[in-house]
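Reading the structure
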Amino acid sequence: MMVDRRHPDPSVSAAGAVPLYGFQPPVGTPYGLEVSTVEDFFAQHDDWPWNPPRPGRATFHYLIAVTEGELRHDVDHVTRTIIPGQWLWVRPGHAQCWHPPGAARGTFILFEPDVLRPDLAPLLAPLTAHDAPAVLSPHPDDTAWLQQTALQLLDEHRALGRRPLAIHHALRRSLLEALLLRLANSPGIAPTATATTGTGTGRADRYGRFLDALELHFRELHQAADYAELLGCSVRTLSRAARDATGKPVRELIDERRLLEARRLLGAARWDARAVAAHLGFTDPANFGRFFRDRTGLTPAAFAARDTTTDQ
């Protein structure tokens, strides 16, 4: 299927770390997009990654439309329950853990970020942002249309060889993009600066690519220069893009993402401070303690002791 279960990223091998998996579709599946069903996916992978359940991260999007039963899924160490009519969206870099599907049924879509046309990126930014909701509840008027379009996408995906490959892929991509554009109208999806402003398009694109890189690498890369090198630009150029989008410097955005992960792990996931420090790339737990206290006013132990039930 899509996930390379045998070859996790060797850079994520520390004790307690969550392995990173790349997109690996079956031979013959073109262009970074695969469509299946929840039941078929589980039937073909009865030994992984839910038996026993264990966390992992991926470099691609998981999008699941639940049409029957209930699906339970952990996203960033918080268990979500998805009911018929709702959609689960796990974005690249988010920690996730599967539960047995039980009677859950629905369309299962996996795709790499670059499968979408670049000109749609600003319109889809509210959906693809790493802090967008994991569970989407579309407007009731959209539910039937979304489910039918998902089935059409599944049918076209299974029709490989029925028509020229370029047309086959164009149809799949168009159906996927139509789904995502309609999902962008879901309650709880707020417009972002990237989606609503027409200024600095190049910088907005660069900032979006920075967010993607940050989501995948915030555990091991902690300097603005690291991300500038990944993106093939100067630190100054990256800094301008970040300030245009958020008003904040790159280093502050990196620290905010590390802090968010620390709060999630200390809270809902109940990790101890030493494990969190190692997971986030701190060489000394004391340095992590100072980092956390300076930004929250609490020590990691004091934060963990609170009765935290959310991931914020």
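Rules of the game
- Residues numbered from 1 in each chain as written.
- Predicted model: local features only at pLDDT ≥ 70, side-chain atom pairs only at ≥ 80, totals over all residues.
- Heavy atoms only, no water.
- Helix = DSSP H or I, 4+ residues; strand = E, 2+ residues; numbered from the N terminus.
- Phe/Tyr/Trp six-rings, centres within 6.5 Å; stacked < 30°, edge-to-face > 60°.
- Buried < 20%, exposed > 50% of the residue type's maximum accessible area, 1.4 Å probe, protein only.
- Lys NZ or Arg CZ within 6 Å of the ring centre and 35° of its normal.
- pLDDT = per-residue confidence, 0-100.
- Contact = heavy atoms within 4.5 Å.
- Pairing = 2+ DSSP bridges.
- Axes fitted to C-alpha atoms, helices over the stretch in contact; angles between N-to-C directions.
- Lys, Arg positive; Asp, Glu negative; His and termini not counted.
- Salt bridge = Lys/Arg side-chain N within 4 Å of Asp/Glu carboxyl O.
- Polar contact = N/O pair within 3.5 Å; in protein donor to acceptor, adjacent residues only side chain to side chain.
- Left-handed = near helix turned anticlockwise from the far one by under 90°.
- Nonpolar A, V, L, I, M, F, W, Y, C, P; charged D, E, K, R; others polar.

**Comments concerning the environment of Gln 86**
Note that Gln 86 resides in the loop between strand S6 (78-82) and strand S7 (87-90). Considering only alpha carbons, one finds Gln 86 and Ala 65, 21 residues apart in sequence, at a separation of 6.3 Å.

**Examining the packing of aromatic side chains**
Tallying each qualifying case throughout the model produces 15 aromatic pairs. Where Phe 42 meets Trp 98, the ring centres are 5.5 Å apart and the plane angle is 80 degrees; that geometry is what we call edge-to-face. Of this pair, Phe 42 sits in helix H1 (residues 38-44) while Trp 98 is found in strand S8 (residues 96-98), placing the two residues 56 residues apart along the sequence. Note on Trp 98: relative accessible area 3%, which makes it buried. Here the aromatic residues Phe 41, Phe 42, Phe 60, Tyr 62, Trp 98 and Phe 108 are joined through ring pairs into a cluster of three or more. Between Arg 258 and the ring centre of Phe 291, over which it is positioned, the NZ or CZ distance is 5.6 Å.

**Some details on the confidence of the model for the protein chain**
Across the protein chain, the average pLDDT comes to 82, with 83% of residues at 70 or higher. Taken as a whole, residues 1-16 scores under 50 in pLDDT and shows 41 contacts with residues more than four places along the chain or in a different chain. Predicted confidence is poor over residues 307-312, with pLDDT under 50, and the contacts of this stretch with residues over four places away or in other chains come to 12 contacts.

**Overview of the environment of Cys 233**
With respect to the element layout, Cys 233 can be found in the loop between helix H7 (224-231) and helix H8 (235-246). Note on Cys 233: relative accessible area 18%, which makes it buried. Measuring from C-alpha to C-alpha, the distance between Cys 233 and Arg 206 comes to 9.2 Å, with 27 residues separating the pair along the chain. Among residues more than four places away in sequence, those in contact with Cys 233 are Arg 206, Ala 228 and Leu 238.

**Brief notes about the pairing of strand S2 (residues 33-37)**
Among the 5 residues of S2, 5 are classified as buried, and the element is accordingly described as predominantly covered. Side chains of S2 alternate between two faces, with Leu 33, Val 35 and Thr 37 and Glu 34 and Ser 36 buried alike.

**Remarks on the sheet that holds S2**
Taken in spatial order, the 5 strands of this open sheet run S2-S9-S4-S7-S10, and their pairing is antiparallel. On the outer flanks of this sheet lie S2 and strand S10 (135-136), each paired with one strand and no other. Pairing geometry for S7 and S10, over 2 bridges, is antiparallel. Paired with Leu 88 across the bridge in S10 is Val 135. Strands in contact with helix H3 (residues 140-157) are S2, strand S4 (61-68), S7 and strand S9 (105-111); relative to S2, the strand with the most contacts, it is inclined by about 110 degrees.

**Describing the sheet that holds S8**
Pairing in this open sheet of 3 strands is antiparallel, and the strands run S6-S5-S8 from one edge to the other. The two strands at the open ends of the sheet, each matched to only one other strand, are S6 and S8. The sheet shows a mean angle of 30 degrees between the axes of neighbouring strands, taken without regard to direction. As defined by bridge partners, strand S5 (residues 71-75) adjoins S6 across 5 bridges and the pair is classed as antiparallel. For His 73, the partnering residue across the bridge sits in S6 and is Arg 80.

**Observations concerning the side chain of Asp 74**
Structurally, Asp 74 is set in strand S5. Among buried Asp, Glu, Lys and Arg side chains, Asp 74 stands out as unpaired, with Arg 72 the closest opposite charge at 5.7 Å. In terms of polar contacts, Asp 74 uses its side chain to reach the side chain of His 99, at 2.9 Å. Residue contacts for Asp 74: discarding those within four places in its chain leaves Thr 79, Ala 95, Gln 96, Cys 97 and His 99.

**Describing the packing of helix H2 (residues 121-128) against helix H4 (residues 165-183)**
Interaxial distance between H2 and H4 falls to 9 Å at its minimum, and their mutual angle equals 65 degrees. Handedness of the H2/H4 crossing: left-handed. Between H2, through Leu 123, Leu 124 and Leu 127, and H4, the contact on the second element is made entirely by Leu 180, Leu 181 and Leu 183. Its residues assigned to classes, the contact of H2 with H4 shows 6 nonpolar, no polar and no charged.

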